[in-house]
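What the coordinates show
Residues per chain, in single letters:
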Amino acid sequence: MMTMEIQLNGEPHQLSPAQRLTELIAELKLSDKAIAVAVNREIIPRSRWAEHALHAGDKVDVVRAIGGG
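The structure contained in this document is the topic of the report that follows. Every value quoted in this text rests on a predicted model; they were computed, and no experiment measured them.

1. Concerning the pairing of strand 2 (residues 11-15)
The pairing of strand 1 (residues 4-8) with strand 2 spans five bridges and is classified as antiparallel. For Ile-6, the partnering residue across the bridge sits in strand 2 and is His-13. Hairpin geometry of strand 1 and strand 2 is characterised by an intervening segment of two residues between the two adjacent antiparallel strands and by a positive phi of about 50° at Asn-9.

What follows is the structure in structure tokens.
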């Protein structure tokens, strides 16, 4: 199976070519979490995750919102 490499929170991460952001988030078991995602330093709204294809070399940052006060 062919894979491509992205940077996920600064670490190398292998995934299937042409994988969508929604698939990556599901793979990370974060679909039901309050998170923000940036690809190459651009915030991708949750409404666009399903259409946003990832490419080799992309830098993906996933940040979980932490409640508190």
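From this point, the narrative continues.
2. Considerations on the sheet that holds strand 5 (residues 59-64)
Taken together, the five strands give an open sheet; going across it, the order is 2-1-5-3-4, and neighbouring strands pair in mixed fashion. Of all the strands in the sheet, the pair left with one neighbour each is strand 2 and strand 4 (42-43). Direction of pairing for strand 3 (residues 35-39) relative to strand 4: antiparallel, over a ladder of two bridges. Each residue of the ladder has a partner; that of Ala-38, found in strand 4, is Ile-43.

3. Topic: the nonpolar core
Counting 16 residues, the largest nonpolar core has Leu-21, Leu-24, Val-37, Leu-54, Val-60 and Val-62 as its most contacted members. If you list the elements that add at least two residues to this core, you get strand 1, helix 1 (21-27), strand 3 and strand 5. Beyond its immediate sequence surroundings of up to four residues, Val-37 is in contact with Leu-21, Ile-25, Glu-42, Ile-43, Ile-44, Trp-49, Val-60, Asp-61 and Val-62.

4. As for the pairing of strand 3
The buried fraction of strand 3 is high, at four of five residues. Where strand 3 and strand 5 come together, five bridges link them in antiparallel fashion. Within strand 5, the position partnered with Ile-35 by the bridge is Arg-64. Turn length for the strand 3-strand 4 hairpin, with the two strands adjacent in sequence and antiparallel, is two residues, and the turn residue Asn-40 shows positive phi of about 55°.

5. Details of the side chain of Gln-19
Note on placement: Gln-19 falls in the loop between strand 2 and helix 1. What makes Gln-19 buried here is its relative accessible area of 6%. A polar contact of 3.2 Å, which involves the side chain of Gln-19, links it to the backbone nitrogen of Ser-16. Excluding anything up to four places from it in sequence, Gln-19 contacts Met-4, Leu-24, Glu-27, His-52, Ala-53 and Leu-54.

The rules behind the values
Residues numbered from 1 in each chain as written. Predicted model: local features only at pLDDT ≥ 70, side-chain atom pairs only at ≥ 80, totals over all residues. Heavy atoms only, no water. Pairing = 2+ DSSP bridges. Helix = DSSP H or I, 4+ residues; strand = E, 2+ residues; numbered from the N terminus. Core = buried A, V, L, I, M, F, W, Y, C linked by side-chain atoms within 4.5 Å. Buried < 20%, exposed > 50% of the residue type's maximum accessible area, 1.4 Å probe, protein only. Contact = heavy atoms within 4.5 Å. Polar contact = N/O pair within 3.5 Å; in protein donor to acceptor, adjacent residues only side chain to side chain.

In short, geometric facts, not functional conclusions.
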